[in-house]
Amino acid sequence: MSNPANPAENALPKGYEPADVEARWGKHWEDSKTFSPDPAEVLTGGKQPYSIVIPPPNVTGALHMGHALNITLQDILCRFMRQQGKSVLWVPGTDHAGIATQNVVERQLKKEGKKRDDLGREKFIERVWEWKKEYGDRILHQIRRLGASVDWTAERFTLDEGLSRAVREVFVRLFHEGLIYKGNYIVNWCNRCHTALADDEVEHAPRKGKLYQIRYPLSDGSGDLVVATTRPETMLGDVAVAVHPEDERYTFAIGKMVTLPLVGTQIPVIADAYVDREFGTGALKITPAHDMNDWALARTHNLPVIAVIDDKGLMNENAPAAYQGLTKNACRDKVVEDLEALGLMVGIADHDHSVGECYRCKSVIEPHVSEQWFVKVAPLAKAAREAVPSQTRIVPAQWEKTYYEWLDNIRDWCISRQIWWGHRIPAWTCEACGELIVQTEDPTSCTKCGGSLTQEDDVLDTWFSSALWPFSTLGWPADTDKLKAYYPTSVLVTGFDILFFWVARMMMMGIHFQEQVPFHHVYIHALVRDEQGKKMSKSTGNVIDPLEMIGKYGTDSLRFTLTAFAAMGRDIKLSEKRIEGYRHFVNKIWNSARFALMNMPEGGGAPKAELSDATGLANRWILHRLEEVKDEVESATLEYRFNDIAQSLYRFIWNEFCDWYLEMAKGDLYGADEGLKDATRKVLLTVLSETLVLLHPVMPFVTQEIWSVLPGIKDRELALQPYPERRPQFKSADIARDMAFFQGVVGSVRTIRTELCIDPAKKLPLIIDTTSGGDNALRVLAENVYLIQQLARIESADIGPGKTGPRASGTAVVEGSRIFVPLKGIVDFGAELTRLDKELGKLDKQLAALKGKLSAPGFAGNAPAEIVAAEQAKLAGLEDAKAKMAELHERLKSALDEG
RNA sequence: GGGCGGAUAGCUCAGCUGGAAGAGCAUCGGCCUUACAAGCCGGAGGUCACAGGUUCGAGCCCUGUUCCGCCUACCA
């Protein structure tokens, strides 16, 4: 098989080996800075910018399928846009992920028997940086494996120096604009992490709990109220009992006082329409310090706030002495016990409800009153809301509603965290005069009295720095060329799970500080789940590791799989089998390229013919289809229909280029006509090379590897090739129709052969009557008779109007032309008769349906004329086919009857 | 409680503005045909969840119902 005279034949190994190819090209792309654009090409060079900032993965993270999908889609867009001549900047980077990273390092310390307090703030932070240096790049290396065409020279970290400047600038400006304030407020508190959490950092999980009914006696002895609660221990901090103002059961009590059991204080009965009369007893105890809603009620009713649980989850000095120092759970038990002893516990029932948990450590969240920093979001949210969809389009648009919903109900954003790893709040308090100083540069002494200063201990919520990502990564607050050239970014690609956390906040910050939205489009993709549709998680053990898949099947297989499945609404159920399946496709491409290379001119040169020299059905058809595929891939990419890109290319390459074109081209390539051979080589090389360009955004590695050995290619850097030029002159509906007819004829012979169990190697005679098809049918068949012989294994063909085969033939009707495969002495005709019966049955079914439609009242009158005409033509075709099939059936039957 | 998504071939899913249902995988039969057995050729397989409605015509639009999933919320 090997042909030493033709070096091209040996240029590609027999099977595609991804590992070596990926390592080689990955390194090349990075070393040559292929993907590092110069802002000047936008600012003065007239190129259009296209920019994306990567959703920065947590430094603690490892690459999972969600990243793989997210990065694949972005890479497709970036590589495609480069082909379109844009100046493409794709900024990579990582997020410092405050609480998550701090927890990782704390766990590490714990193994050494230490706590963070043992090290102290500075040492601890040093320790986290060390950790970050050692492990923080791991995820970036994993991103490289995916072939991401990011600009590695532009890489950023949310805690690096430049971004810290941006964070300080934003904080200080917002503070002085009155949009950041410090205040006492009830926040979600994690006793384990010892920090406040934003509303959206709290996850709600169903838990089995109990609903306790407790009797509170009225102080004047006129009766009592029974309240319902799931947390009896909080009653120690109760300041009121609330009932619905129109609840007749309780009108008598409104305004009176009750005596708080176990504590003995007098607290009022108040009326508020918030209370649900249907729930529990209709009487609600109010504990402002330990319940979000009670906090809100207490504010409207001017009630005091009494905290009885401290920031570690222990009962504090405000609780009666008997309970002080107990954990909240121990306290609950004791309170229940004591109430039962007093006969005040009316009932305890099982009660399922949802409980807030820390999204990092899963501890139960304790609403807790403390002094925190907040962003006043209302004005920012308003602008962010109005920008969609006019300035920023969310794709798919269904997510707009979710986005609005969240912005409409947004509360002030608690941005302070009581941890150490993060951006420390740039605010100082004077120890002498109490002055609060907020500024970007560290002050040395109080600007007012010269006293010494103490900086805030708290750091900012991680999302505060992430919210600045689209402009901080471009150099802001400096007025850089990058910022001028690439802001606003073109699109943000992300999963819907962080639409709130992140996207909405970037919108707010971007609009506020750049006066422009941070991105023109937001493309929301699905989440990757396992085969059963469950979330992949380490604890469930259902994780499909992208790196493992890359190792087994190659990056291109994984990328193509994810692309093909990207259309899913909300989740992608991924299984290893699919990735394995698409590896076959990669191999198919590889082998089609090997075939092409084996058939290039000897000596490794390119064919000399022009495309316009190409004649023949196969050449003209594949060029026609190539034009259509260019259109399809382009429009699908521009519209974020990633699955359509994959489908269009898959079908074209496998079902058309390989299955039909290559098989048909063999006739020319193996033939003696040198002119025809060279013209076909030209078409073959053109279609292959342009298809590689089209496919490159999805499968960068295998396409580049093949590209680099194609003959006659000047620029070996496939990633920098322009999108293939259009050749509208090759589009032809006539060619498409002729090809369909040709395929029908070949197919019908193949079907007869297989269905009648004829030896595939047996060459058969063929007779075709082209009376109905006319000159065109005759021409198509006559011109391509050698191809029919080749593809359908025919020994001799007799084609023309009025031709008829022997009665003992396998038969079919293709677009009016009658096909005969004389079979006398070859097979048992009973099988053919059965087959014809079946075919007739199918035709009958179709005819009945079509006739029904055409004769339906009003169809002819109401349907558009072109539809009616089309349906009638279809009917005529079917009736013709039916008549011919019936006749053929009769002929065969009579032949059989005669024996 | 509010909102969203899904229900199409055995499995996983396509089906863009309504014109007689498609793919991949799996399955069955036949092939080692000189790019590829990770392949080639052929076959079988569906009252598009259910009930109404609009329309000449509905997988697609409208209403309701049932199941599944997700997001969100202040039933203590």
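Residues numbered from 1 in each chain as written. Chains lettered and ligands numbered in written order. Predicted model: local features only at pLDDT ≥ 70, side-chain atom pairs only at ≥ 80, totals over all residues. Heavy atoms only, no water.

Participant: Can you tell me about the overall build of chain A, naming the residues and giving the values?
Facilitator: The number of helices and strands found in chain A is 29 helices and 29 strands. On C-alpha atoms alone, chain A measures out to a radius of gyration of 37 Å, which is more than a quarter above the 29 Å that the 2.2 N^0.38 rule sets for 899 residues. Projected onto its principal axes, the C-alpha coordinates of chain A cover approximately 115 × 65 × 55 Å. Burial analysis of chain A (899 residues in total) assigns 54% to the buried set. (Helix = DSSP H or I, 4+ residues; strand = E, 2+ residues; numbered from the N terminus. Rg over C-alpha atoms; globule rule 2.2 N^0.38 Å. Buried < 20%, exposed > 50% of the residue type's maximum accessible area, 1.4 Å probe, protein only.)

Participant: Mind laying out the packing of aromatic side chains, listing which residues take part and the relevant values?
Facilitator: Within the structure shown, the criterion is met by 33 aromatic pairs. For the pair Phe560 and Tyr650, a centre-to-centre distance of 6.4 Å together with 35 degrees between the ring planes defines the contact as tilted. Of this pair, Phe560 sits in helix H18 (residues 555-564) while Tyr650 sits in helix H21 (residues 642-670); the two residues are 90 residues apart in sequence, bridging distant segments of the chain. Overall, Tyr650 belongs to the partly exposed group, its relative accessible area being 27%. Three or more aromatic residues joined by ring pairs form one cluster here, namely Phe171, Phe175, Trp373, Trp413 and Phe464. One Lys or Arg, Arg116, reaches over the ring of Trp420 and ends 5.0 Å from the middle of that ring. (Phe/Tyr/Trp six-rings, centres within 6.5 Å; stacked < 30°, edge-to-face > 60°. Lys NZ or Arg CZ within 6 Å of the ring centre and 35° of its normal.)

Participant: Please set out the nonpolar core residue by residue, giving values where relevant.
Facilitator: Counting 155 residues, the largest nonpolar core has Met65, Tyr661 and Phe742 as the members making the most contacts within it. With 14 residues, H21 is the largest single contributor of residues to this core. Residues Val170, Ala387, Trp406 and Leu483 belong to the second largest nonpolar core, which totals 66 residues. (Core = buried A, V, L, I, M, F, W, Y, C linked by side-chain atoms within 4.5 Å.)

Participant: Give me the pattern of salt bridges: which residues, what numbers.
Facilitator: Taken as a whole and judged by the stated rule, the model has 63 salt bridges. A salt bridge links Glu386 to Lys382, with the shortest nitrogen-to-oxygen separation between them at 3.3 Å. Taken together, the residues Glu386 and Lys382, both in helix H11 (residues 378-386) and four residues apart, mark about one turn of the helix. Of the residues examined, Lys382 reaches a relative accessible area of 52% and is grouped as exposed. Between Glu663 and Lys666 there is a salt bridge; the shortest N-O distance is 3.2 Å. Separated by three residues within a single helix, Glu663 and Lys666 lie in helix H21, roughly one turn from each other. For Glu663, a relative accessible area of 30% translates into the label partly exposed. Judged by its relative accessible area of 22%, Lys666 falls in the partly exposed class. (Salt bridge = Lys/Arg side-chain N within 4 Å of Asp/Glu carboxyl O.)

Participant: How would you sum up the sheet that holds strand S10 (residues 257-259)? Please name residues and give values.
Facilitator: Working definition: the strands of a sheet are paired by backbone hydrogen bonds and lie parallel or antiparallel to each other. What the four strands build is an open sheet, ordered S10-S11-S9-S12; its pairing is mixed. Each edge of the sheet is formed by a strand with only one pairing partner; in this case those strands are S10 and strand S12 (283-286). Taking each pair of neighbouring strands and ignoring which way they run, the sheet shows an average axis angle of 30 degrees. (Pairing = 2+ DSSP bridges. Axes fitted to C-alpha atoms, helices over the stretch in contact; angles between N-to-C directions.)

Participant: I'd like a description of a negative patch on the surface, backed by residues and values.
Facilitator: Together, Glu122, Glu126, Glu130 and Glu134 make up a region of like negative charge exposed at the surface. Positionally, Glu130 belongs in helix H6 (residues 121-135). (Patch = residues over 30% accessible without salt bridge, like charges linked within 9 Å, V, L, I, M, F, W, Y side chains within 5 Å. Areas by Shrake-Rupley, 256 points an atom, 1.4 Å probe, with all protein chains shown as cover. Lys, Arg positive; Asp, Glu negative; His and termini not counted. Charge placed at Lys NZ, Arg CZ, Asp CG, Glu CD.)

Participant: I'd like to hear about the environment of Lys884, residue by residue, with values.
Facilitator: Looking at the secondary structure, you find Lys884 in helix H29 (residues 865-898). What makes Lys884 buried here is its relative accessible area of 10%. Sequence-wise, Lys884 and Ser817 are 67 residues apart; in three dimensions their C-alpha atoms are separated by 9.2 Å. If sequence neighbours within four positions are ignored, Lys884 has contacts with Ser772, Val813, Gly816 and Arg818. Within the local environment of Lys884, its side chain forms a polar contact with the side chain of Ser772, the two groups lying 2.3 Å apart. (Contact = heavy atoms within 4.5 Å. Polar contact = N/O pair within 3.5 Å; in protein donor to acceptor, adjacent residues only side chain to side chain.)

Participant: How would you sum up the protein's contact with RNA strand B? Please name residues and give values.
Facilitator: Lining the immediate environment of RNA strand B, one finds 61 residues, of which Tyr274, Asn293, Trp654, Ala849 and Leu850 sit closest. Taking the atoms of RNA strand B that fall within 4 Å of the protein, sugar and phosphate contribute 61% of them. For RNA strand B, a sugar or linking oxygen lies 2.5 Å from a polar atom in the side chain of Asn293. Secondary structure elements with two or more residues in the surface near RNA strand B: strand S8 (224-229), helix H19 (576-598), H21, helix H24 (733-755), helix H27 (829-855), helix H28 (859-862) and H29. Looking at the surface near RNA strand B residue by residue, the class counts come to 23 nonpolar, 17 polar and 21 charged. (Near = heavy atom within 4 Å. Nonpolar A, V, L, I, M, F, W, Y, C, P; charged D, E, K, R; others polar.)

Participant: Pulling in residues and values, what's your account of unusual backbone geometry?
Facilitator: The omega angle of the peptide bond from Val395 to Pro396 is -5 degrees, so this bond is cis rather than trans. Along the polypeptide, Pro396 turns up in the loop between strand S15 (393-395) and helix H12 (399-408). The step from Trp476 to Pro477 runs through a cis peptide bond, and the omega angle for that step is 10 degrees. Along the chain, Pro477 turns up in the loop between helix H14 (469-472) and helix H15 (481-486).

Participant: Summarise a positive patch on the surface; cite the residues concerned and give the values.
Facilitator: A surface patch of positive charge is lined by Arg107, Lys110, Lys111 and Arg192. As for its position among the elements, Lys111 is in helix H4 (residues 98-111).

Participant: Lay out the sheet that holds strand S19 (residues 436-438) in plain terms, naming residues and giving numbers.
Facilitator: An order of S19-S18-S20 is seen for the three strands of this open sheet, with the pairing classed as antiparallel. Strand pairing shows two members of the sheet lacking a second neighbour, S19 and strand S20 (453-455), which therefore form its edges. The sheet shows a mean angle of 30 degrees between the axes of neighbouring strands, direction not considered. Note that strand S18 (residues 427-430) and S20 share three bridges and pair antiparallel.

Participant: So what about the packing of H4 against H6? Which residues, and what values?
Facilitator: The N-to-C vectors of H4 and H6 enclose an angle of 100 degrees; their axes lie 10 Å apart at closest approach. What the angle tells us is that H4 and H6 run roughly perpendicular. From H4, Thr101, Gln102, Val104, Val105, Glu106, Gln108 and Leu109 reach across to H6, where they touch Phe124, Arg127, Val128, Trp131 and Tyr135. Residues belonging to the contact of H4 with H6 are distributed by class as follows: seven nonpolar, three polar and two charged. (Parallel < 35°, antiparallel > 145°, perpendicular 65-115°, else oblique.)

Participant: Let's hear about the state of the cysteines: which residues, and what values?
Facilitator: All chains considered together, the criterion is met by zero disulfides. Looking at the unpaired Cys430, the closest cysteine sulfur is the one in Cys449, lying at 3.4 Å. The exposure class assigned to Cys430 is buried, which follows from its relative accessible area of 3%. (Disulfide = S-S within 2.5 Å.)

Participant: Go over the side chain of Thr34 with me, naming the residues and quoting the values.
Facilitator: By the secondary structure assignment, Thr34 is in the loop between helix H1 (18-31) and helix H2 (40-43). Here Thr34 falls in the buried class, since its relative accessible area comes to 13%. In terms of polar contacts, Thr34 uses its side chain to reach the side chain of Ser32, at 2.5 Å.

Participant: I'd like a description of the pairing of strand S14 (residues 365-375), backed by residues and values.
Facilitator: In terms of residue burial, S14 counts as a mostly covered element, since nine of its eleven residues are buried. Pairing of strand S5 (residues 180-190) with S14 involves eleven bridges; the strand directions are antiparallel. The residue bridging Asn184 from the neighbouring strand is Glu371, located in S14. Pairing of S14 with strand S16 (residues 413-414), which is carried by two bridges, proceeds in the antiparallel orientation. From the neighbouring strand, Phe374 faces S16, where its bridge partner is Cys414.

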